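Structure assessment
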Amino acid sequence: PNTSYGIHNEKYGYSTESGNIADAVRYGLPLVIPDFYPVSEALEHMTFRFSTASELADQLLYFMEHPGFLPDHNVLKMYQSSEVSKYIESVWNKNP
């Protein structure tokens, strides 16, 4: 079975970690995921992939050594709950 979480589509048994992507977007954090995990193109700029434990360790070490590092996630601002609420309200007001 398939499901969708906002801008991210998932397939049960293939990409079942449903909260990780939404948390990364919400908090503007880098998304560190295995190579096989599918993500939307809109998230690729903040996605760091690994295929081995060594690659994962290197990425985590980098983040620890550079605590101010954050990818540019402004492109995802429109998915924050406050922005979605504004959009829904504007649509609602146009179509009473």
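Up top is the structure.
Residues numbered from 1 in each chain as written. Predicted model: local features only at pLDDT ≥ 70, side-chain atom pairs only at ≥ 80, totals over all residues. Heavy atoms only, no water.

**Overview of a nonpolar patch on the surface**
A cluster of nonpolar side chains, contributed by Val84, Tyr87, Ile88 and Val91, occupies part of the molecular surface with about 360 Å² of accessible area. By the secondary structure assignment, isoleucine 88 is in helix α3 (residues 81-94). (Patch = residues over 30% accessible without salt bridge, like charges linked within 9 Å, V, L, I, M, F, W, Y side chains within 5 Å. Areas by Shrake-Rupley, 256 points an atom, 1.4 Å probe, with all protein chains shown as cover. Salt bridge = Lys/Arg side-chain N within 4 Å of Asp/Glu carboxyl O. Helix = DSSP H or I, 4+ residues; strand = E, 2+ residues; numbered from the N terminus.)

**Comments concerning the pattern of salt bridges**
All told, the structure shown has one salt bridge when counted by the stated rule. Here arginine 49 ties to glutamate 44 by a salt bridge, and the two come within 3.1 Å at their closest N and O atoms. Overall, the relative accessible area of 24% leaves arginine 49 in the partly exposed class. Glutamate 44 gets classed as partly exposed once you look at its relative accessible area, which sits at 35%. (Buried < 20%, exposed > 50% of the residue type's maximum accessible area, 1.4 Å probe, protein only.)

**Observations concerning the side chain of threonine 47**
Relative to the assigned elements, threonine 47 resides in strand β4 (residues 47-50). Side-chain polar atoms of threonine 47 contact the backbone oxygen of leucine 43, separated by 2.6 Å. When neighbours within four sequence positions are excluded, threonine 47 is seen to be in contact with Leu31, Ile33 and Val39. (Polar contact = N/O pair within 3.5 Å; in protein donor to acceptor, adjacent residues only side chain to side chain. Contact = heavy atoms within 4.5 Å.)

**Quick notes on α3**
A rise of 1.5 Å per residue sets the reference length of α3, with its 14 residues, at 20 Å; its end C-alpha atoms lie 20 Å apart and thus fit the reference within 8%. Little of α3 is tucked away: zero of the 14 residues are buried. (Expected span 1.5 Å × (residues − 1).)

**Re the packing of aromatic side chains**
Scanning the model with the defined rule gives two aromatic pairs in all. Between phenylalanine 48 and phenylalanine 63, the aromatic rings sit 5.4 Å apart at their centres with planes inclined by 80°, giving edge-to-face as the arrangement. Of this pair, phenylalanine 48 sits in strand β4 while phenylalanine 63 sits in helix α2 (residues 53-65), placing them 15 residues apart in sequence. When its relative accessible area of 23% is taken as the criterion, phenylalanine 48 is described as partly exposed. Note on phenylalanine 63: relative accessible area 16%, which makes it buried. Here tyrosine 62 and phenylalanine 63 contribute two aromatic rings whose centre-to-centre distance is 6.1 Å and whose plane-to-plane angle is 70°, an arrangement assigned as edge-to-face. A relative accessible area of 37% places tyrosine 62 in the partly exposed class. Taken together, the ring pairs in this structure connect Phe48, Tyr62 and Phe63 into an aromatic cluster. (Phe/Tyr/Trp six-rings, centres within 6.5 Å; stacked < 30°, edge-to-face > 60°.)

**Quick look at the nonpolar core**
Judged by nonpolar contacts, Ile21, Ala24, Val25, Leu31, Ile33, Tyr37, Val39, Leu43 and Met46 together constitute the single largest core of nine residues. When neighbours within four sequence positions are excluded, alanine 24 is seen to be in contact with Leu29, Leu31 and Met46. (Core = buried A, V, L, I, M, F, W, Y, C linked by side-chain atoms within 4.5 Å.)

**Thoughts on the environment of serine 81**
Structurally, serine 81 can be placed in helix α3. Taking the relative accessible area as the measure of exposure, serine 81 reaches 57% and is therefore exposed. As for serine 81 and arginine 26, which are separated by 55 residues in sequence, their C-alpha atoms are 8.4 Å apart.

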